[in-house]
Amino acid sequence: MLILGIETSCDETSVAIVRDGREVLSNIILSQADIHAKYGGVVPEIASRAHTEAIYSLCEEAVKCVGIADIDAVAATYAPGLIGALLVGVNFGKALAYKLNVPFIPVNHIKGHIAAAYLVEEANPRQRLAPPFLAFVASGGHTSIMEVGRDDPGAPFCYTNFKLLGMTRDDAIGEAFDKTARAMGFDYPGGAEIEKYACLGDKNSVKIPFAKVEGSELDFSFSGVKTHIINYINTIKQKNGELTESDKYNIAASFTENIILSVTSRIKRAIKFTGHKNLVCAGGVMANGHIKDALKNLCDDLKIKLYIPDKKYCGDNAAMIAAQGFYEYQAGNIAGLNQNAFASVDWT
Ligand code: KG4
Ligand code: ZN
């Protein structure tokens with residue numbers, strides 16, 4: 001089954017063609033990061049306009065690998081995200097599905113990030129990832145720990161069975177990276193810059209309190225960490241003027257270490273609670289080598305298998321939406337032309 005996927009929830013416009021939820025035939029991504037960089041973050045109205053301008057030509061490019069008439073269904077991100085940005089993809093997707101006379105499949109963006117892990121397994125079908133597993137999603141807008149397919153493993157709908165175990169109470173991890181990076185003078189999005197600087201710093205040089213969420217062992221909080229670093233930077237600037245490169249190395253390394261402890265401690269606890277033997281870690285922040293290494297070590301210690309999507313499928317992309325779309329279709333989750341977009345999702 002060939003699914004055309006569409007992703008427009010934030011600042012990447014993307015269209016992809018994926019066969020049977022696994023094999024990526026095309027995955028065209030146009031990032032708006034340069035447009036938003038001068039404002040220090042994503043400007044929702046500008047994002048919607050840029051999606052509108054880009055989506056048609058990206059779609060033309062993506063379908064070149066097949067004939068448009070070969071498309072069996074259209075899947076688009078309908079939630080969560082920037083409402084104006086989501087509406088562009090949902091409306092384009094519905095119009096295309098109507099024109100092609102194929103089903104329209106609405107896909108939750110977070111579920112899409114997790115489904116990116118199915119895309120890496122194509123080389124060896126015998127090692128294909130299938131639910132049940134524990135999943136951790138870390139991106140610019142989301143931080144959550146979920147169980148996938150706990151009920152009825154093996155049934156087609158186990159791929160669409162999600163249970164939220166923990167989430168951030170304030171900033172998302174990527175947001176904490178970007179805000180810390182901004183305070184250090186890096187352009188938006190600064191997560192990748194912090195990764196580079198962290199390689200050269202001392203992770204024990206800046207003492208940052210470990211953030212706990214009272215009464216909820218699997219929830220995260222990052223706003224205190226970010227504020228602590230911003231105050232630390234302001235104090236240095238008041239004393240010495242600008243930050244030195246060495247200050248930046250140490251701040252990046254200490255911040256990253258705090259994030260790693262926060263993530264690995266929650267995941268360890270979640271594995272203990274649930275007993276899962278497979279862990280999927282996905283989302284834009286999973287491009288970070290320090291976090292990946294820490295997760296690999298944790299999984300080796302606990303003797304569980306770790307799946308992290310290829311770097312190109314960690315950030316926002318439409319292939320992951322088409323992948324989850326395949327399983328949503330199998331579970332019968334198709335929508336009419338009255339399907340709306342939603343900025344947030346209720347997981348209860
Ligand atoms: O998944 P994604 O592309 O978009 C959302 O759904 O939000 O994630 C983007 C986030 C940004 O906050 C960006 O700074 C962060 O992922 N990111 C990184 C790295 N590369 C991207 N964070 C830390 N280290 C990186 N190497
Ligand atoms: Zn995302």
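A brief structural summary.

Calculation notes
- Residues numbered from 1 in each chain as written.
- Chains lettered and ligands numbered in written order.
- Predicted model: local features only at pLDDT ≥ 70, side-chain atom pairs only at ≥ 80, totals over all residues.
- Heavy atoms only, no water.
- Donors = N, O, S within 2.8 Å, 3.2 Å for Na, K, Ca; no water.
- Tetrahedral: all angles 85-135°; square planar, octahedral: opposite > 155°, others 65-115°.
- Helix = DSSP H or I, 4+ residues; strand = E, 2+ residues; numbered from the N terminus.
- Buried < 20%, exposed > 50% of the residue type's maximum accessible area, 1.4 Å probe, protein only.
- Near = heavy atom within 4 Å.
- Polar contact = N/O pair within 3.5 Å; in protein donor to acceptor, adjacent residues only side chain to side chain.
- Areas by Shrake-Rupley, 256 points an atom, 1.4 Å probe, with all protein chains shown as cover.
- Lys, Arg positive; Asp, Glu negative; His and termini not counted.
- Salt bridge = Lys/Arg side-chain N within 4 Å of Asp/Glu carboxyl O.
- Contact = heavy atoms within 4.5 Å.
- Core = buried A, V, L, I, M, F, W, Y, C linked by side-chain atoms within 4.5 Å.
- Axes fitted to C-alpha atoms, helices over the stretch in contact; angles between N-to-C directions.
- Parallel < 35°, antiparallel > 145°, perpendicular 65-115°, else oblique.
- Left-handed = near helix turned anticlockwise from the far one by under 90°.
- Nonpolar A, V, L, I, M, F, W, Y, C, P; charged D, E, K, R; others polar.
- 1 Å grid on protein atoms, 1.4 Å probe; cavity = no way out; pocket = protein on both sides within 12 Å on 5 of 7 lines; lining within 4 Å.
- Points joined across faces, edges and corners; volume = space filled by probe spheres on them.
- Pairing = 2+ DSSP bridges.

### Description of the coordination of the zinc ion (ligand 2)
Here comes step 1: The coordination sphere of the zinc ion (ligand 2), as far as protein atoms go, consists of His-109 (NE2), His-113 (NE2) and Asp-316 (OD), spread over 2.0 to 2.1 Å.
Here comes step 2: Taken together, the four donor atoms coordinating the zinc ion (ligand 2) span angles of 96 to 136 degrees at the metal, a pattern that classifies the geometry as irregular.
Here comes step 3: The sequence pattern formed by the donor residues of the zinc ion (ligand 2) is H-x3-H-x202-D. Of the two residues, His-109 is situated in helix H4 (residues 109-115) and Asp-316 in the loop between helix H10 (311-314) and helix H11 (318-330); the sequence distance between them amounts to 207 residues. Exposure class is identical for His-109 and Asp-316. Each is buried.

### Concerning the site of ligand 1
Here comes step 1: Not every one of the 19 residues close to ligand 1 is listed here, only the nearest: Gly-140, Asp-178, Glu-195, Gly-284 and Asp-316.
Here comes step 2: Asp-178 places a side-chain nitrogen or oxygen 2.6 Å from an oxygen atom of ligand 1.
Here comes step 3: Protein burial of ligand 1: of its 550 Å² of free accessible surface, 88% is covered by the chains.
Here comes step 4: If you list the elements that add at least two residues to the shell around ligand 1, you get H4, helix H5 (173-183) and helix H6 (191-198).

### A look at the side chain of Arg-266
Here comes step 1: Mapped onto the secondary structure, Arg-266 falls in helix H8 (residues 245-274).
Here comes step 2: For Arg-266, which is buried and forms no salt bridge, the nearest opposite charge comes from Asp-219, at a distance of 7.6 Å.
Here comes step 3: Among residues more than four places away in sequence, those in contact with Arg-266 are Ile-145, Phe-210, Ala-211, Lys-212, Val-213, Glu-217, Leu-218, Asp-219 and Phe-220.

### A short note on the nonpolar core
Here comes step 1: Membership of the largest hydrophobic core comes to 47 residues, with the highest contact counts inside it found for Phe-136, Ile-173, Ile-267 and Met-286.
Here comes step 2: When residues in this core are grouped by element, the largest group, 10 residues, is from H8.
Here comes step 3: Residue contacts for Met-286: discarding those within four places in its chain leaves Phe-136, Ala-138, Cys-281, Ile-291, Lys-292, Leu-295, Ile-308 and Cys-314.
Here comes step 4: Counting 35 residues, the second largest nonpolar core, distinct from the first, contains Ile-110, Val-137, Ala-318 and Ala-322.

### Digging into the packing of helix H7 (residues 223-240) against H8
Here comes step 1: For the pair H7 and H8, interaxial distance at closest approach is 11 Å and the crossing angle is 165 degrees. It follows from the interaxial angle that H7 and H8 lie roughly antiparallel. In this structure, the crossing between H7 and H8 has a hand that is right-handed. Where H7 approaches H8, its residues Val-225, Ile-229, Tyr-232, Ile-233 and Ile-236 are matched on the opposing element by Asp-247, Ile-251, Phe-255 and Asn-258.
Here comes step 2: Grouping the constituent residues of the contact of H7 with H8 by class yields seven nonpolar, one polar and one charged.

### Description of the layout of surface pockets
Here comes step 1: Empty space within the second largest pocket amounts to approximately 210 Å³.
Here comes step 2: Elements with a contribution of two residues or more to the lining of the second largest pocket: H8 and helix H9 (289-302).
Here comes step 3: Of the residues forming the lining of the second largest pocket, the biggest block, six residues, is contributed by H8.
Here comes step 4: Tallied by class, the residues present in the lining of the second largest pocket amount to five nonpolar, three polar and three charged.

### Considering the sheet that holds strand E2 (residues 12-19)
Here comes step 1: The strand order across the open sheet formed by five strands is E3-E2-E1-E4-E5, and the pairing between neighbours is mixed. Single-partner strands in this sheet number two, and they are strand E3 (23-31) and strand E5 (104-108). When strand polarity is set aside, the average angle formed by the axes of neighbouring strands in this sheet is 20 degrees.
Here comes step 2: Summarising the sheet, strand E4 (residues 73-79) and E5 pair through five bridges and their orientation is parallel. Its bridge partner lying in E5, Val-74 is registered against Phe-104.
Here comes step 3: Across the sheet, helix H2 (residues 44-62) is in contact with strand E1 (2-7), E2 and E3; its angle to E2 comes to roughly 25 degrees.

### Things to note about the pairing of strand E7 (residues 143-148)
Here comes step 1: With six of six residues buried, E7 lies mostly within the body of the structure.
Here comes step 2: Inspection of the sheet shows strand E6 (residues 133-138) paired to E7 by six bridges, in the antiparallel sense. Within E7, the residue paired with Ala-138 across the bridge is Thr-143.
Here comes step 3: Joining the antiparallel neighbours E6 and E7 is a turn of four residues.
Here comes step 4: Relative to strand E8 (residues 162-167), E7 runs antiparallel, the two being bridged by five bridges.

### Some words on the sheet that holds E6
Here comes step 1: Spatial ordering of the open sheet is given by E8-E7-E6-E9-E10, a layout of five strands whose pairing is mixed. Each end of this open sheet is capped by a strand with a single partner; those strands are E8 and strand E10 (305-307). Across the sheet, the axes of successive neighbouring strands diverge by a mean angle of 20 degrees, strand direction being ignored.

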